[in-house]
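Close look at the chain arrangement
Okay, here's what each chain looks like letter by letter:
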Amino acid sequence: MLTDMQIAIIGGDARQLEVVRKLTELDAKLSLVGFEQLDHAFTGASKEKIEDLDFSQLDAIILPVAGTTADGHVDTIFSNEKIKLLEEMVEKTPQHCTIFSGITNPYLQNIIDNTKRRHVLLFSRDDVAIYNSIPTVEGTIMMAIQHTDITIHGSNVTVLGLGRVGMSVARTFHLLGAKVKVGARKPEHIARVTEMGLTPFHLDDLANMVSDTDILINTIPHLVVTAKVIAKLPVNTLIIDLASKPGGTDFRYAEKRGVKALLAPSLPGIVAPKTAGAILANVLSQLLEEVYENRKEQS
Ligand code: NAP
């Protein structure tokens, strides 16, 4: 149980509702910031504005999966108000206050470094990233169906990256009957792609491997789908870029060439917020128990 724990949930999408549900069940006291338009009321949770939040009482801050935007704003789908996380706010929290987000960025990292608070990146955990790849793949399939006039079965799909998301994407499109090639840079990834019965290639050869691609799915959070690569794609190729913002595609050049390229962030929150939220809620409740124990030991 998290009785008497004071937690601020700042911003987010429908996934956070599962987190709120779980943490109120565990008896935590929640301050919900950026949830003005949420009709549902949760016992033990109160809606607050960020300027009214008493940061000195917080044991934990839960940010959306993306953390903040590049300029420090916290996105929310439940409010039109702009919410900005400032260093001076985090500075006011007790030393043991732990900050949770899915991923980080230079703005958030700078606050963490300066305030020396503990920061847990949920998506750097393999278990969370692998569970989360399930709704991500389902969202990718949805996008492929919506934005092409061909079946996935029999289509030529090129997947870039064989990390937690890339592996799930490659395997699922293969199981749906697509002819899947996977671009990676590590010899062990090339070996794994071969073992999976798919066609591997080294990313250095990317531009030479895409001339028959119907759907290009990128999971690498670096610019890999360059103008040189896009120039070799058939113009009716669909690029689905799953990598975190700004993605790994030269979107300007894709538009210039008439190749449809879609940056598709936060698919789990769009296609399966309940499942994706439950994944986060489960791990958060375990991690918050640890913060709770630490607080008890320190007091
Ligand atoms: P991951 O396990 O770290 O995999 C990343 C992959 O990118 C690995 O294969 C890695 O290969 C490769 N890579 C990284 N930097 C590279 C570079 N400079 N050049 C070539 N290859 C490089 O990450 P993940 O969990 O699969 O997530 C992948 C991306 O999807 C992340 O940006 C994540 O935030 C995003 N994501 C998006 C959604 C969505 O809904 N759109 C959902 C979940 C995750 P090496 O091992 O060789 O480094």
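Notes on the overall build of the protein
The helix and strand tally for the protein stands at 11 helices and 12 strands. Computed over its C-alpha atoms, the radius of gyration of the protein comes to 21 Å, within 12% of the 19 Å expected for a compact globule of 299 residues. Counting only C-alpha atoms, the protein reaches 60 × 40 × 35 Å along its principal axes. Residues counted as buried form 51% of the 299 residues belonging to the protein. Here the contacts in the protein between residues at least 6 apart in sequence split such that 59% fall between residues at least 24 apart. Positive and negative side-chain charges of the protein, numbering 30 and 36 respectively, have mean locations separated by a distance of 6 Å.

Topic: the domain arrangement of the protein
Accessible area lost upon the coming together of the parts serves often as the stated size of an interface. Split into domains, the protein comes out as domain 1 (6–124 + 273–298) and domain 2 (129–265). A separation of 32 Å is found between the C-alpha centroids of domain 1 and domain 2. Across the boundary between the two partners, domain 1 contributes 5 residues, which contact 6 residues of domain 2. For the pair domain 1 and domain 2, the two sides together bury roughly 480 Å², of which 61% comes from carbon and sulfur. On inspection of domain 1 and its partner domain 2, the count reaches 0 salt bridges. At the surface where domain 1 touches domain 2, the tally comes to 1 residue pair in polar contact (both at pLDDT 80 or more). When its residues are assigned to classes, the side of domain 1 that touches domain 2 shows 4 nonpolar, 1 polar and no charged.

Quick notes on the pairing of strand 1 (residues 6–10)
Across the 5 residues of strand 1, 4 count as buried, placing the element largely inside the fold. For strand 1 and strand 2 (residues 29–33), the ladder comprises 5 bridges, and the chain directions are parallel. Bridge pairing in strand 2 links Ile-9 to Leu-32. The parallel pair strand 1 and strand 2, bridged by helix 1 (residues 15–25), forms a crossover whose chirality is right-handed. Across 3 bridges, strand 1 lies against strand 4 (residues 60–62) in parallel orientation. Opposite Ile-9, over in strand 4, you have Ile-62 as the bridge partner.

Analysis parameters
- Residues numbered from 1 in each chain as written.
- Predicted model: local features only at pLDDT ≥ 70, side-chain atom pairs only at ≥ 80, totals over all residues.
- Heavy atoms only, no water.
- Helix = DSSP H or I, 4+ residues; strand = E, 2+ residues; numbered from the N terminus.
- Rg over C-alpha atoms; globule rule 2.2 N^0.38 Å.
- Buried < 20%, exposed > 50% of the residue type's maximum accessible area, 1.4 Å probe, protein only.
- Contact = heavy atoms within 4.5 Å.
- Lys, Arg positive; Asp, Glu negative; His and termini not counted.
- Charge placed at Lys NZ, Arg CZ, Asp CG, Glu CD.
- Domains from an automatic or database assignment.
- Buried area = accessible area lost by both parts, 1.4 Å probe.
- Salt bridge = Lys/Arg side-chain N within 4 Å of Asp/Glu carboxyl O.
- Polar contact = N/O pair within 3.5 Å; in protein donor to acceptor, adjacent residues only side chain to side chain.
- Nonpolar A, V, L, I, M, F, W, Y, C, P; charged D, E, K, R; others polar.
- Pairing = 2+ DSSP bridges.
- Right-handed = clockwise from strand over helix to strand, strands pointing away.

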